[in-house]
Amino acid sequence: MNVFQHTVPHRTLPIWVWVGKQETAVSVATNPQPYGKKPRFDLWHPLKKWLDSTEIKSQKLARLLCKFIPSQCPFEREIKVGDRTLFRIPPLCKLNPLYEQVVGMRFRALCYLADECGEDVTPYC
């Protein structure tokens with residue numbers, strides 16, 4: 001009788017299991033949601049996955065991405081009168097559901113230009 005199986009049947013622990021002599025690791029999936037809550041449906045998941053898996057293979061595309069995607073959020077502002085700050089507009093880019101993937105794509109384009117093409121990327125920063 002396996003005591004662990006009968007005492008904690010609903011938990012999945014993060015365990016790494018080494019499979020044979022192939023030296024490949026298989027991880028047991030964990031549920032990131034707290035108990036009692038169902039996983040949320042992410043409408044953007046296919047697009048996020050596609051953006052993350054897109055490889056930059058041309059210099060022209062890499063330059064276009066570096067010019068098109070800004071390095072900092074263009075909406076963040078401080079409204080001042082003299083030395084006094086009236087109000088501050090926070091960076092609204094973080095509200096974009098694809099923000100992390102777009103920034104990652106820009107980073108991959110910069111790395112491609114610097115590593116593969118040997119180009120100076122300081123104009124894009």
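Quick notes on the rules
Residues numbered from 1 in each chain as written. Predicted model: local features only at pLDDT ≥ 70, side-chain atom pairs only at ≥ 80, totals over all residues. Heavy atoms only, no water. Helix = DSSP H or I, 4+ residues; strand = E, 2+ residues; numbered from the N terminus. Buried < 20%, exposed > 50% of the residue type's maximum accessible area, 1.4 Å probe, protein only. Contact = heavy atoms within 4.5 Å. Areas by Shrake-Rupley, 256 points an atom, 1.4 Å probe, with all protein chains shown as cover. Pairing = 2+ DSSP bridges. Axes fitted to C-alpha atoms, helices over the stretch in contact; angles between N-to-C directions. Parallel < 35°, antiparallel > 145°, perpendicular 65-115°, else oblique. Left-handed = near helix turned anticlockwise from the far one by under 90°. Nonpolar A, V, L, I, M, F, W, Y, C, P; charged D, E, K, R; others polar. Patch = residues over 30% accessible without salt bridge, like charges linked within 9 Å, V, L, I, M, F, W, Y side chains within 5 Å. Salt bridge = Lys/Arg side-chain N within 4 Å of Asp/Glu carboxyl O. pLDDT = per-residue confidence, 0-100. Lys, Arg positive; Asp, Glu negative; His and termini not counted.

The name that an unreviewed UniProt entry assigns to the protein chain is Mo-dependent nitrogenase C-terminal domain-containing protein, with the source organism given as Microcoleus anatoxicus PTRS2.

Novice: Can you help me understand the overall build of the protein chain in this one?
Specialist: Counting its regular elements, the protein chain contains four helices and four strands. The order of α-helices and β-strands along the protein chain, N terminus first, is α-β-β-α-α-β-β-α. Looking at the protein chain as a whole, 14% of its 125 residues qualify as buried. Contacts in the protein chain between residues far apart in sequence, at least 24 positions, make up 45% of those at least 6 positions apart. For the protein chain, the exposed area adds up to about 10,900 Å²; of that, 59% sits on carbon and sulfur atoms.

Novice: Even after reading the chapter, I still don't get the pairing of strand β4 (residues 84-89), so can you show me in this structure?
Specialist: Residues in a regular strand project their side chains so that they alternate between the two faces of the sheet. Sheet analysis places strand β3 (residues 77-81) next to β4, joined by five bridges and oriented antiparallel. When the sheet's bridge partners are listed, Val81 is paired in β4 with Arg84. What sits between β3 and β4 in their antiparallel hairpin is a turn of two residues, with Gly82 showing a positive phi close to 70 degrees.

Novice: How should the packing of helix α3 (residues 59-68) against helix α4 (residues 99-116) be read in this particular structure?
Specialist: Between two packed helices, what matters for the description is the angle formed by their axes and the separation of those axes. Between α3 and α4, the shortest axis-to-axis distance is 9 Å and the interhelical angle comes to 130 degrees. By the angle class used here, α3 and α4 are oblique. Judged by the sense of rotation from one axis to the other, the crossing of α3 with α4 is left-handed. Contact residues: α3 offers Gln59, Ala62, Arg63, Leu65 and Cys66, while α4 offers Met105, Arg106, Ala109, Leu110, Tyr112 and Leu113. Residue classes in the contact of α3 with α4 are distributed as eight nonpolar, one polar and two charged.

Novice: Can you walk me through a nonpolar patch on the surface in this structure?
Specialist: A grouping of Phe41, Leu43, Trp44, Leu47 and Trp50 is seen on the molecular surface, where their side chains present a nonpolar patch of about 630 Å² in accessible area. In this fold, Trp50 is placed in helix α2 (residues 45-53). Judged by relative accessible area, Trp50 falls into the exposed class, the value being 53%.

Novice: Whenever I open this one, the pattern of salt bridges confuses me. Can you help?
Specialist: When the charged atoms of two side chains with opposite charge come close together, those side chains can pair. This structure, assessed with the given rule, holds four salt bridges. Between Arg88 and Glu76 there is a salt bridge, with its nearest N and O atoms 2.5 Å apart. Highlighted residues: Arg88 in strand β4 and Glu76 in the loop between α3 and β3, separated in sequence by twelve residues. By relative accessible area, Arg88 is classed as partly exposed at 46%. Glu76 gets classed as partly exposed once you look at its relative accessible area, which sits at 35%. Note that Glu78 and Lys80 form a salt bridge whose closest N and O atoms lie 3.8 Å from each other.

Novice: For this particular structure, what's the right way to read the confidence of the model for the protein chain?
Specialist: The predicted coordinates of low-pLDDT regions are not to be read in fine detail. Of the residues in the protein chain, 71% reach a pLDDT of 70 or more, and the chain-wide mean stands at 78. Of all the helices and strands in the protein chain, strand β1 (residues 16-19) carries the lowest mean pLDDT, 42, while α3 carries the highest, 93.

Novice: How should I be thinking about the side chain of Arg106 in this particular structure?
Specialist: Inspection of the secondary structure assignment puts Arg106 in helix α4. At 11 Å, Glu119 is the nearest oppositely charged side chain to Arg106, a buried residue that forms no salt bridge. If we ignore the near neighbours within four places in the chain, the residues touching Arg106 are Cys66, Ile69, Pro70, Ser71, Tyr124 and Cys125.

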